[in-house]
Amino acid sequence: MKRHFVSCIGLMAACLVVGGSLLLPLSAQTQSPDDAAEAALTPRLKQMLNVMRIARSRHLLKPENPEMIDGAIRGLLARLDPDAELYMPADMARMGATARARSNSNSIGIDVRKLAMPPRSTGPAYRIVGTADGSPAARAGLREGDLVARIDGIPTAELLSADLGFDKRPRNRGAFEFSIVRGPSNVPIEIVLGPEARRSDAVVATPLPMGLLLLRVGQFDAEMTAGLKRWLEPTQATLDAPLRGLILDLRDISAGLIDQSIGTADLFLDTGIIVTLETRSAAAIPYPAKPGDIIAGKPIVVLINAGTAGAAEILAAALQDNKRATLIGSKSAGLGSVSSFVSLPGNRGAIRMKTGRYLSPSGRPLDKAGIKPDIEIKPAATDAAAACREVDKPADDGDGQCERCAVADDTVMQAAIAYLSAISTATKP
Amino acid sequence: MMRKSDYAFWTFVTLAGMAGLTTVFNVSRTYSATSPNAEIYKQLDLFGDVLERVRSDYVEKPDDATLIDNAINGMLAALDPHSSYLNAKHFRDMQIQTRGEFGGLGIEVTMENGIVKVVSPIDETPAAKAGLQANDLITHLDGEQIVGLTLEQAVEKMRGPVNTPITLTIARKGKDEPIDIRIVRDVIRINAVKSRLEGDVIYVKISTFNEQTHANLVKQVDALKKQLGKAPVGYVIDLRNNPGGLLDQAISVSDDFLEKGAIVLTKGRNLEETQRANARPGDITDGKRVLVLVNGGSASASEIVAGALQDHKRALILGTRSFGKGSVQTIIPLGQNGAIRLTTARYYTPSGRSIQAKGIDPDILIEQELPPELKPKTPEKPRGEASLKGHLKGEKGEAGKKEERKEESGSSAYVPKEPEKDMQLQYALKLLRGEMAEPAVGTIVRADGTTEMRKPEPAVAEKPDAKPEDAKKDTPKQ
């Protein structure tokens, strides 16, 4: 009550200046609820309110409140985390439609993350973190580190990540026109990619001499763990000697399902923690390994590089921290967080932001830092102008497409073979 | 605040009084309608919800003050490219810039391998008097290592209140032992004006419009006139790559060359932002010929000066099209919480042109020859106001003048370091010295030295001048 009294006195003085006692009762009545509302604000929100009022009364363009609040929310999120986004109710509706049109069997095989950008920037907003083996994107040589400037002519700065829908476009939507920026060159590379049916060979097993087995994981899809199990048995029989070691090639693999990395890690782990999910709103969730090792403790080498991201990093870290595998290659991408939609009350949309992060068995956060290999071998061609991914090479027929590099030409692979041959010879009875 | 035009002092006081009244009337009227504040609170509520969610669910515990800083900045950045939030530190930095002076040592520094390197001590400053030399490496400040600090943080530590001491530890080539130098901070002025004699021509480069600019200009021109001992043949005022600054300084600098007439008109939503500045008698050049150099990096206050002198035909404008920022920002302090920089007005040149997203077209367009490493691989347009996302749209000029010009982005901002290679400057000097025939307004001088005439704009297409054959001649006659 004291507050109201004071504000009435203040108002009376103001009204006397304009010379109308008539205005007093009106002002006094409507002033109180606003006063109360303002009093309830935290000092920080009061600061916001103050700036809004000044801008409303003085900015040249007579800004409206919703426009300013929208800008405030975007400003808050953008600096917090490049992946954070605001979805207004209209965006949510559009996303629902995209999801309904989703066709999981078609994809161009590309995985992207948003870049930290200054406000109003019109530059590339997304960075490719990986492409799926044999996908249209990988064949065209798109790879980790490429920046996506435009899609179908639209600057990516204007696209919400949910709008990209790389994996969500039905077959009949046709091809994407990509404008890519690579390395220091500012000349964009224009590439047209048509979605194709996803390849079913998530895992390819190749027998190598001396009882070694190479498993290339092309994508962490729902079939992966089962496929791996299915392959191991028959392929072991084709080896020239009893299985002496396994090479798990996880280079240039990004998008994928976390339950598949957990499932695959569990195949080779008898005991221990695979990964722990940490959030601020709930207790940390550890994922322990179940007993049993499908290859009975035979040595494993995991190959990683800067294109090893997300689900693949969880698998690599689980095997490294449990001392089940030796990691060879170069540092991984460092993408070990969970982003989720947190809806706002009253159907006012949602925000998408990082809400959790994965910790390796020894408690290292997998986000940002990346995993260091036990034995570092820089890729042979670090040339930014190279036409293909590290694990690929230009196809011999010279049509500009990329294909998998042969084992013999793959220096990192050769290092892994040498390493496994050495330890299996050393441990021979 | 930032407008100190005493020309319009009385008008201003009267208008301010009226503005105050109008505000009071508005207040009572809005309160009697259904409260729009209810809507503000609803909107704030949405923001509050987002803030709460981020606080509780974001993967790392965020810092509250940073969140709000970013939010306020986002709110203002959404309005136009030149509105922004200055937190307390940025506000202090900006005040230093506009005031043009600060407490410090007087050295230009860069950072090399995590260590601060002296580029040069500034004459007559404590650093110069204490014997600091170019290429000295500063390793410690008051005994604390610099490694680990950013250049900005190191500079911040070297600045401080006048008359306070600081000890620098220096590694100097040829000396094995580190040297400790104690320096007492003094007032350091950022010199916005650099000038010299180019033969009989007085050349003045204005790099920014801070509180010292007009005074520096007058002082230096005076000194050069005395040094020359006779009347100069003319003046070159170099505004290239001058990003602007204080409006009142732009007005004073324009006034230095004008005897009478309007300099600039600002027009905002409120009367206090709507003003007209007029020139007072007096011309520091005694009516001598003035040439002004502009390029794609000349913005805002620079464009006010160039526009005023161009409209009054007081100066010929040479160079390439200017940036095109035709808006005025007001700095509104928020007490302890820094300040906001808000776009509050557009400005118009004396003839009523708005240069927003168009820029000042030079009377004589002179292109610089770019060194090979700067030549774009693909023809990419240099950036200007028109290329900024969300820029204010250009609008028709004042007083019903027809302006059909399209928005155009900026021009090159390259200026060669060596004056001999600076084609724009050399052209200006030749012209002032009478070493070449007078070019017609609208002449274009290409980087390879060939000239042509600007194509007439559609609005004035009926003028049948500038035949293409004539345009090829070296110096078209008038």
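Caption draft 1: Focus on the overall build of chain A. What chain A contains, in helices and strands, is 11 helices and 21 strands. A burial count over chain A gives 47% of its 429 residues as buried. Summed over its atoms, the accessible surface of chain A is roughly 19,400 Å², and 58% of this surface lies on carbon and sulfur atoms.

Caption draft 2: View of the state of the cysteines. In the structure shown here, the tally under the stated rule is 1 disulfide over all chains. There is no disulfide at A:Cys405, and the cysteine sulfur nearest it, in A:Cys388, is 9.6 Å away.

Caption draft 3: Expanded view of the interface of chain B and chain A. Opposite the 72 residues of chain B that make contact, chain A presents 65 residues. Seen at the junction of chain B and chain A, the total is 4 salt bridges. Residue A:Arg58 pairs with B:Glu272 through a salt bridge whose shortest N-O separation is 3.8 Å. For the side of chain B that touches chain A, the leading source of residues is helix α2 (residues 37-57) of chain B, giving 20 residues. Residues that form the side of chain B that touches chain A fall into these classes: 33 nonpolar, 19 polar and 20 charged.

Caption draft 4: Inspection of the environment of A:Gly370 at higher detail. Residues and elements named next belong to chain A. Mapped onto the fold, Gly370 is located in the loop between β18 (350-359) and β19 (375-376). Each C-alpha atom of the pair Gly370 and Gly334 lies 3.6 Å from the other, and the pair is 36 residues apart in sequence. Sequence-distant contacts of Gly370, that is, excluding residues within four places in its chain, are made with Glu313, Lys331, Ser332, Ala333 and Gly334.

Caption draft 5: Representation of the sheet that holds strand β15 (residues 290-294) of chain B in the model. All names here are of chain B. Strand order in this open sheet of 8 strands is β10-β11-β12-β15-β16-β19-β20-β21, and the pairing throughout is mixed. Unpaired on one side and paired on the other, β10 (193-198) and β21 (451-453) mark the two borders of the sheet. For this sheet, the mean inter-axis angle between neighbouring strands, taken without regard to orientation, is 20°. Pairing of strand β11 (residues 201-206) with strand β12 (residues 234-238) involves 5 bridges; the strand directions are parallel. Directly across from Tyr203, in β12, lies its bridge partner Val236.

Caption draft 6: Focus on unusual backbone geometry. Residues and elements named next belong to chain A. At Ala296, a residue that is not glycine, the phi angle is positive and equals roughly 50°. Along the chain, Ala296 falls in the loop between β14 (285-288) and β15 (300-304). The backbone phi angle of Lys323 is positive, close to 55°, even though this residue is not glycine. If you trace the backbone, Lys323 turns up in the loop between α10 (311-321) and β16 (325-329).

Caption draft 7: Examining the packing of aromatic side chains more closely. Following the criterion strictly, the structure yields 2 aromatic pairs over all chains and no others. Residues A:Phe176 and A:Phe178 carry aromatic rings whose centres are separated by 5.9 Å and whose planes lie at 45° to one another, so their mutual orientation is tilted. Here the two residues A:Phe176 and A:Phe178 agree in accessibility, since each one is buried. The side chain of B:Arg159 reaches across the aromatic face of B:Phe102, ending 4.0 Å from its centre.

Caption draft 8: Focus on the side chain of B:Arg185. Its place among the elements puts B:Arg185 in the loop between β8 (179-184) and β9 (186-189). At 3.5 Å, the side chain of B:Arg185 forms a polar contact with the backbone oxygen of B:Arg159.

Caption draft 9: Highlighting the nonpolar core. If you look at the biggest cluster of nonpolar residues, it comprises 43 residues, and the most contacted ones within it are A:Met48, A:Leu76, A:Leu77, B:Leu44, B:Phe47, B:Val54 and B:Leu76. Elements with a contribution of two residues or more to this core: α3 (43-58), α4 (65-80) and β18 of chain A together with α2, α3 (64-77) and β18 (339-348) of chain B. With 8 residues, α2(B) is the single largest residue contributor to this core. Apart from residues lying up to four places away in sequence, A:Leu77 is in contact with A:Ala84, A:Glu85, A:Leu86, A:Ile351 and B:Val54. By size, the runner-up hydrophobic cluster in this structure holds 42 residues, among which are A:Leu246, A:Leu250, A:Ala311 and A:Tyr358.

Caption draft 10: The arrangement of helix α7 (residues 213-228) of chain B in detail. All names here are of chain B. Between the first and last C-alpha of α7 there are 22 Å, a value that for 16 residues agrees with the 22 Å anticipated at 1.5 Å per step. When we look at burial in α7, the residues that qualify are Thr213, Asn216, Leu217, Gln220, Val221, Leu224 and Leu228. Viewed along the axis of α7, the buried residues span an arc of 120°, placing them on a single side of the element. Exposed and oriented more than 90 degrees from the buried face of α7 are Lys219 and Lys226. Contacts made by the buried residues of α7 are with β10, β11, β12 and α8 (247-255). Among the residues trailing α7, Gly229 stands out with phi positive, at a value near 80°.

Caption draft 11: Fine view of the pairing of strand β4 (residues 115-121) of chain B. Residues and elements named next belong to chain B. Where strand β3 (residues 107-112) and β4 come together, 6 bridges link them in antiparallel fashion. The partner of Ile107 across the bridge, within β4, is Pro121. Hairpin connection, β3 to β4: the antiparallel pair is bridged by 2 residues, and Asn113 has positive phi, about 50°. Pairing of β4 with strand β5 (residues 137-141), which is carried by 2 bridges, proceeds in the antiparallel orientation. Each residue of the ladder has a partner; that of Val116, found in β5, is Ile138.

Caption draft 12: Representation of the sheet that holds β15(A) in the model. All names here are of chain A. Reading across from one edge, β10-β11-β12-β15-β16-β19 is the order of the 6 strands in this open sheet, with mixed pairing throughout. The open sheet has two free edges, formed respectively by β10 (203-208) and β19, since each of these has just one partner strand. In this fold helix α8 (residues 224-238) packs onto β10, β11 (212-217) and β12 (245-249), with an angle of close to 20° to the strand it touches most, β10.

Caption draft 13: Inspection of the side chain of A:Asp81 at higher detail. Summarising the element assignment, A:Asp81 is placed in the loop between α4 and β1 (85-87). Every residue in contact with A:Asp81, bar those within four places of it in the chain, is listed here: A:Met353, A:Lys354 and B:Tyr58.

Caption draft 14: Broad picture of the confidence of the model for chain B. All names here are of chain B. Averaged over all residues, the pLDDT of chain B equals 82, while 82% of them reach at least 70. Taken as a whole, residues 397-404 scores under 50 in pLDDT and shows 14 contacts with residues more than four places along the chain or in a different chain. Predicted confidence for residues 459-478 stays below pLDDT 50, and this span has 21 contacts to residues more than four positions away or in other chains.

Caption draft 15: Layout of the pattern of salt bridges. Per the counting criterion, the structure on display carries 47 salt bridges over all chains. B:Asp64 serves as the salt-bridge partner of B:Arg55, at 2.8 Å between the closest nitrogen and oxygen. Taking relative accessible area as the criterion, B:Asp64 reaches 26% and is therefore assigned partly exposed. Across the pair B:Asp200 and B:Lys230 runs a salt bridge, and its minimum N-O distance is 3.3 Å. Here B:Asp200 is found in the loop between β10 and β11, whereas its partner B:Lys230 is found in the loop between α7 and β12, with 30 residues between them in sequence. What makes B:Asp200 partly exposed here is its relative accessible area of 28%. What emerges from the salt-bridge pattern is a single network uniting A:Asp133, A:Arg216, A:Asp249, A:Arg251, A:Arg389, A:Glu390, A:Asp392, A:Arg404 and A:Asp410.

Caption draft 16: Structural view of the packing of α4(A) against α3(B). The interhelical angle for the contact between α4(A) and α3(B), taken along N-to-C directions, is 130°, at an axis separation of 6 Å. By the criterion of interaxial angle, the relationship of α4(A) to α3(B) is oblique. With respect to the hand of their crossing, α4(A) and α3(B) are arranged in right-handed fashion. Here A:Met68, A:Gly71, A:Ala72, A:Gly75, A:Leu76, A:Arg79 and A:Leu80 of α4(A) lie close against α3(B), whose contacting residues are B:Leu67, B:Asn70, B:Ala71, B:Asn73, B:Gly74 and B:Met75. For the contact of α4(A) with α3(B), a count of residues per class yields 7 nonpolar, 5 polar and 1 charged.

Caption draft 17: Structural context of helix α10 (residues 423-432) of chain B. All names here are of chain B. Burial analysis of α10 places 7 of its 10 residues in the buried class, which makes it a mostly covered element. Every buried residue of α10 is listed here: Gln424, Leu425, Tyr427, Ala428, Leu429, Leu431 and Leu432. Count one or two residues on from α10 and you reach Gly434, which has phi positive near 75°.

Reading guide: rules and limits
Residues numbered from 1 in each chain as written. Chains lettered and ligands numbered in written order. Predicted model: local features only at pLDDT ≥ 70, side-chain atom pairs only at ≥ 80, totals over all residues. Heavy atoms only, no water. Helix = DSSP H or I, 4+ residues; strand = E, 2+ residues; numbered from the N terminus. Buried < 20%, exposed > 50% of the residue type's maximum accessible area, 1.4 Å probe, protein only. Areas by Shrake-Rupley, 256 points an atom, 1.4 Å probe, with all protein chains shown as cover. Disulfide = S-S within 2.5 Å. Contact = heavy atoms within 4.5 Å. Salt bridge = Lys/Arg side-chain N within 4 Å of Asp/Glu carboxyl O. Nonpolar A, V, L, I, M, F, W, Y, C, P; charged D, E, K, R; others polar. Pairing = 2+ DSSP bridges. Axes fitted to C-alpha atoms, helices over the stretch in contact; angles between N-to-C directions. Phe/Tyr/Trp six-rings, centres within 6.5 Å; stacked < 30°, edge-to-face > 60°. Lys NZ or Arg CZ within 6 Å of the ring centre and 35° of its normal. Polar contact = N/O pair within 3.5 Å; in protein donor to acceptor, adjacent residues only side chain to side chain. Core = buried A, V, L, I, M, F, W, Y, C linked by side-chain atoms within 4.5 Å. Expected span 1.5 Å × (residues − 1). Arc of directions from axis to C-beta. pLDDT = per-residue confidence, 0-100. Parallel < 35°, antiparallel > 145°, perpendicular 65-115°, else oblique. Left-handed = near helix turned anticlockwise from the far one by under 90°.

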